[in-house]
Amino acid sequence: MQGSTLDTRAENSPRPTSSAVALEASHDPALRSWVESARDHAEFPIQNLPFGVFSPDGGQARGGVAIGDEILDLAALAGSGLCADIEETVTAAAAPTLNGFIGLGTAARKQLRARLSALLAEGSPAQAQLKPILHPARNCLLGLPARIGDYTDFYAGIQHALNIGSLLRPDNPLLPNYKHIPIGYNGRASSVRPSGEPFLRPNGQRKRPDEAEPSFGPCRNLDYELELGIWIGPGNAQGSPVPIDEADDRIAGFCLLNDWSARDIQAWEYQPLGPFLSKGFATTISPWIVTPEALAPFRKAQAPRPEGDPAALPYLNPAEADVPHALDVTLEVFIETASMRAGGLAPHRLSLGSTRDLYWTPAQFVAHHSSNGCNLEAGDLFGSGTISGRDPGSFGSLMEITRGGREAITLPNGESRTYLVDGDAIVMRASARREGFASIGFGACRAEVLPARG
Ligand code: CA
């Protein structure tokens, strides 16, 4: 689908693979909400409607939808009678974990989105009934939207792979498998935390090249990694891989993901099996599940591979190459030091990147991950791998920006950094923009580094 034509016929299309790209009435940029703060909201206008789990004023956790500066309480909506015909779906979306809801898949999610869009639109007869079940987001605590069964981190940011590879192997930065396999490893799900939760600098075993013996203590080279997070919806039975052309329908939505990385611990531990304790102490995600429907206007076809690159093997090659499987989302990373916070200074932007710099698509992650028969489950989380562009202003980690900690950066208030110090907070933001459409965002992905436990 090209241009900004709103094609409502696509909703009735029998072709399941079109679901991720079909443009509908809910994308109409002229659509306005009766929720005043949602009008022209930078992140959560009525065209977004991301799902999450929130607790209002210390109350019980329940499902909600972000609309402007408010959160619509889905538990209250479920009891309102306004969604009686889709009761199973709205009840699942109102639960304190959304695994059941996202496991229902694309059709149910689209149905609820369309209903929410109608209920929250200007002129909705339900306005008076819904107004009392909106909660100001500033008074709510946002939790993890789902119980994460498994977390997998990929390595699809090719510029990041080139930048890191060139620090280690200047003559041969990309390993021979990179353009054939979406490289990944099984990460740690238990330590994934929602935005806002601080974490302790990890202790670990580290050994600099100039040290004769390893020692145990606080990480000396603490870094962040800017990544796109991908929520898995309906899973697959063990032994039944997801075909590439069905893979987009297994994705329930997207978030920002900060893969905190202890570079010194990583350098010592990672050979030959890869990252372990250097990654498993904390991962921070933005708490809203931004749906494939909300992102449909911001889909793009994957850029053709540069001449000379190998073709992907058939199980990773979609039948229709021009179907927009990739995303065009702008990503930003900011640092806020303790001294900046104390002085009331705005966070300083460290980088500006784009999901266009991913060599593999989310659909290829799903097809590859399940290709050996591995069963994916609703609530599994993928990280894309660090997203970096070609120029230093778009590098998605300090290891790249400071060239392995060799070149310190100076912040506007005169402080300098190679890696993170205690009290530093990293804030990530995402925005999707396209001429003729309402811009949407993901909400913040923020966490502060606390001193290591002594
Ligand atoms: Ca990573």
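Quick notes on the rules
- Residues numbered from 1 in each chain as written.
- Predicted model: local features only at pLDDT ≥ 70, side-chain atom pairs only at ≥ 80, totals over all residues.
- Heavy atoms only, no water.
- Domains from an automatic or database assignment.
- Contact = heavy atoms within 4.5 Å.
- Buried area = accessible area lost by both parts, 1.4 Å probe.
- Salt bridge = Lys/Arg side-chain N within 4 Å of Asp/Glu carboxyl O.
- Polar contact = N/O pair within 3.5 Å; in protein donor to acceptor, adjacent residues only side chain to side chain.
- Helix = DSSP H or I, 4+ residues; strand = E, 2+ residues; numbered from the N terminus.
- Pairing = 2+ DSSP bridges.
- Axes fitted to C-alpha atoms, helices over the stretch in contact; angles between N-to-C directions.
- Buried < 20%, exposed > 50% of the residue type's maximum accessible area, 1.4 Å probe, protein only.
- Phe/Tyr/Trp six-rings, centres within 6.5 Å; stacked < 30°, edge-to-face > 60°.
- Lys NZ or Arg CZ within 6 Å of the ring centre and 35° of its normal.

(A) Representation of the domain arrangement of the chain. Taken domain by domain, the chain holds domain 1 (3-142) and domain 2 (151-450). The gap between the C-alpha centroids of domain 1 and domain 2 is 27 Å. With 38 residues of domain 1 at the contact, the number on the domain 2 side is 35 residues. Counting the surface lost from both domain 1 and domain 2, the interface buries some 2,900 Å², and carbon and sulfur atoms represent 60% of this. Inspection of the region where domain 1 meets domain 2 yields 2 salt bridges. In this structure, E293 engages R109 in a salt bridge whose closest nitrogen and oxygen atoms are separated by 2.7 Å. Across the contact surface, domain 1 and domain 2 share 9 residue pairs in polar contact (both at pLDDT 80 or more). For the side of domain 1 that touches domain 2, the elements supplying multiple residues, two or more each, are β1 (51-56), β2 (62-67), α3 (99-104) and α4 (106-120).

(B) Just the sheet that holds strand β3 (residues 70-73), in detail. With respect to topology, 5 strands assemble into an open sheet ordered β4-β3-β2-β1-β5, the strand pairing being antiparallel. Looking at the sheet topology across the chains shown, the edges are occupied by β4 (134-136) and β5 (140-142). Here the strands of the sheet are splayed against their neighbours by 45 degrees on average, with no regard to which way each runs. As judged from the 3 bridges shared by β1 and β5, these two strands associate in the antiparallel manner. Following the sheet pairing, P56 is matched in β5 by C140. Packed on one face of the sheet, α4 meets β1, β2 and β3 and runs near 60 degrees to β1.

(C) View of helix α6 (residues 158-168). Within α6, 8 of the 11 residues are buried, which leaves it mostly tucked inside the rest of the structure. Within the sequence span of α6, burial applies to I158, Q159, H160, A161, N163, I164, G165 and L167. Of the surrounding elements, those touching the buried residues of α6 are α10 (398-401).

(D) Representation of the packing of aromatic side chains within the structure. This model, assessed by the stated rule, comprises 9 aromatic pairs. Residues F51 and F101 carry aromatic rings whose centres are separated by 4.8 Å and whose planes lie at 55 degrees to one another, so their mutual orientation is tilted. Of this pair, F51 sits in strand β1 while F101 sits in helix α3, and the two are 50 residues apart along the sequence. For the pair formed by F51 and F101, the shared burial category is buried. For the pair Y359 and W360, a centre-to-centre distance of 5.6 Å together with 80 degrees between the ring planes defines the contact as edge-to-face. The buried category is assigned to W360, whose relative accessible area is 1%. Of the aromatic side chains, those joined through ring pairs into one cluster are Y155, Y178, Y359 and W360. Taking NZ or CZ as reference, R62 lies 5.7 Å from the ring centre of F54, over its face. It is R305 that lies over the ring of W360; its NZ or CZ is 4.6 Å from the centre.

(E) Fine view of the sheet that holds strand β13 (residues 226-232). Read from one edge to the other, the open sheet built from 7 strands follows the order β7-β6-β21-β13-β14-β16-β8, with strand pairing classed as mixed. Only two strands of the sheet have a single neighbouring strand rather than two, namely β7 (184-186) and β8 (192-194). The average undirected angle you get between the axes of adjacent strands in this sheet is 30 degrees. Pairing of strand β6 (residues 151-154) with strand β21 (residues 381-383), which is carried by 3 bridges, proceeds in the parallel orientation. Within β21, the residue paired with Y151 across the bridge is L381. Each of β6, β7, β13, β14 (251-258) and β21 is contacted by helix α9 (residues 362-370), which is oriented at about 100 degrees to β14, the strand it contacts most.

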